[in-house]
Amino acid sequence: LAIRVRALLRMRRLTNDLQRTVKRLRAQARLDDLTGLGTHGAFKERLAREFQRAQRYTRPVSVLMIDVDHFKNYNDSFSHPTGDRLLRVVGRFLARQLRDVDFAARYGGDEFALILPETPKISARIVAERLRKIIETHPFPHRDCQPMGLVTVSIGVATWPDDADSPKRLVEAADRFLYLAKAEGRNRVKGLADESLESRSEGA
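Residues numbered from 1 in each chain as written. Predicted model: local features only at pLDDT ≥ 70, side-chain atom pairs only at ≥ 80, totals over all residues. Heavy atoms only, no water.

Novice: Any chance you could explain unusual backbone geometry here in plain terms?
Specialist: Both trends apply: most residues other than glycine have a negative phi, and most peptide bonds are in trans. With an omega of 10 degrees, the peptide bond running from Trp 160 to Pro 161 counts as cis. If you trace the backbone, Pro 161 turns up in the loop between β4 (153-160) and α6 (167-183). A positive phi is found at Ser 79, a non-glycine position, where the angle reads about 90 degrees. The phi angle at Arg 186 is positive, at roughly 70 degrees, despite the residue not being glycine. Relative to the elements of secondary structure, Arg 186 occurs in the loop between α6 and β5 (189-192). (Helix = DSSP H or I, 4+ residues; strand = E, 2+ residues; numbered from the N terminus.)

Novice: What exactly am I supposed to notice about the packing of aromatic side chains here?
Specialist: Two aromatic rings are characterised by how far apart their centres lie and by the angle between their planes. The final tally for this structure, using the stated rule, is 4 aromatic pairs. Taking 5.5 Å as the distance between ring centres and 90 degrees as the angle between the ring planes, the aromatic pair formed by Phe 43 and Tyr 107 counts as edge-to-face. Placement of Phe 43 in helix α2 (residues 40-57) and of Tyr 107 in strand β2 (residues 103-108) is noted, with a sequence separation of 64 residues between them. Geometrically, the ring pair formed by Phe 51 and Trp 160 is edge-to-face, given 5.8 Å between the ring centres and 65 degrees between the ring planes. Of this pair, Phe 51 sits in helix α2 while Trp 160 sits in strand β4, and the two are 109 residues apart along the sequence. (Phe/Tyr/Trp six-rings, centres within 6.5 Å; stacked < 30°, edge-to-face > 60°.)

Novice: Is there a simple way to explain the packing of α2 against α6 in this structure?
Specialist: Interaxial distance between α2 and α6 falls to 9 Å at its minimum, and their mutual angle equals 110 degrees. Overall, the two elements α2 and α6 adopt an arrangement that is roughly perpendicular. α2 and α6 meet at a crossing whose hand is right-handed. Here Phe 43, Leu 47, Ala 48 and Phe 51 of α2 lie close against α6, whose contacting residues are Pro 167, Leu 170 and Val 171. Classifying every residue of the contact of α2 with α6 by side-chain character gives 7 nonpolar, no polar and no charged. (Axes fitted to C-alpha atoms, helices over the stretch in contact; angles between N-to-C directions. Parallel < 35°, antiparallel > 145°, perpendicular 65-115°, else oblique. Left-handed = near helix turned anticlockwise from the far one by under 90°. Contact = heavy atoms within 4.5 Å. Nonpolar A, V, L, I, M, F, W, Y, C, P; charged D, E, K, R; others polar.)

Novice: Which parts of the structure should I look at to understand the packing of helix α4 (residues 80-96) against helix α5 (residues 121-137)?
Specialist: Look at α4 against α5: their axes get within 11 Å of each other, and the N-to-C directions meet at 145 degrees. The way α4 lies across α5 gives a crossing that is right-handed. Taken together, the residues of α5 that come into contact with α4 (itself represented by Val 90, Phe 93 and Leu 94) are Leu 131, Ile 134 and Ile 135. The residue inventory of the contact of α4 with α5, partitioned by class, reads 6 nonpolar, no polar and no charged.

Novice: Can you walk me through the pairing of β5 in this structure?
Specialist: Regular strands place their side chains on alternate faces of the sheet. Pairing geometry for β4 and β5, over 2 bridges, is parallel. Within β5, the residue paired with Ile 155 across the bridge is Val 189. Where the polypeptide runs from β4 across α6 and back to β5, its parallel neighbour, the crossover connection is left-handed. (Pairing = 2+ DSSP bridges. Right-handed = clockwise from strand over helix to strand, strands pointing away.)

Novice: Teacher, can you tell me more about a positive patch on the surface here?
Specialist: On the surface, Arg 85, Arg 88, Arg 92 and Arg 96 cluster together into a patch of positive charge. With respect to the secondary-structure elements, Arg 92 resides in helix α4. Exposure remark for Arg 92: the relative accessible area of 41% places this residue in the partly exposed category. (Patch = residues over 30% accessible without salt bridge, like charges linked within 9 Å, V, L, I, M, F, W, Y side chains within 5 Å. Areas by Shrake-Rupley, 256 points an atom, 1.4 Å probe, with all protein chains shown as cover. Salt bridge = Lys/Arg side-chain N within 4 Å of Asp/Glu carboxyl O. Lys, Arg positive; Asp, Glu negative; His and termini not counted. Charge placed at Lys NZ, Arg CZ, Asp CG, Glu CD. Buried < 20%, exposed > 50% of the residue type's maximum accessible area, 1.4 Å probe, protein only.)

Given below as structure tokens:
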């Protein structure tokens with residue numbers, strides 16, 4: 001009987017250890033290795049939940065799509081490790097500026113995505129502009145060698161219910177505004193098709 005009890009206790013400890021390992025691996029799978037932000041998959045799951053909550057309580061939710069301008073030039077010119085360090089710094093800036101209820105993810109490559117629950121378009125654009133300025137003014141190494149003499153980002157802002165009726169279309173709308181910002185010269189925020197919030201800084 002004692003042998004059976006010890007065996008059962010050992011199996012229970014192994015089961016608990018396995019459960020903790022699985023939980024840790026799941027958590028790690030939801031975090032980007034480079035920046036420590038959420039992964040693309042974690043972003044999609046979180047957005048689906050926030051979108052449902054926004055619809056249930058009729059509260060706005062905004063998405064920001066952020067792309068580092070001319071990142072390929074920076075990465076190719078100064079090595080991939082240097083480019084990785086730049087992305088880590090950008091990721092830290094994003095994380096520091098967000099509320100506890102917000103969510104930041106590395107969407108892929110040099111593109112980031114933010115979810116801002118209960119945030120209307122005008123407030124989301126203010127957040128986006130603050131982030132744009134922080135990155136523009138940071139003394140990144142080699143920034144003077146970039147095409148604009150600075151490391152900058154372009155940001156697209158989309159909000160439910162203004163711009164889309166589903167999580168997928170909300171991301172697509174933010175992405176369209178992002179590419180509109182790039183088409184208009186980069187280093188700017190776009191949230192409306194006919195308007196930009198503070199074009200890039202004078203002399204950039």
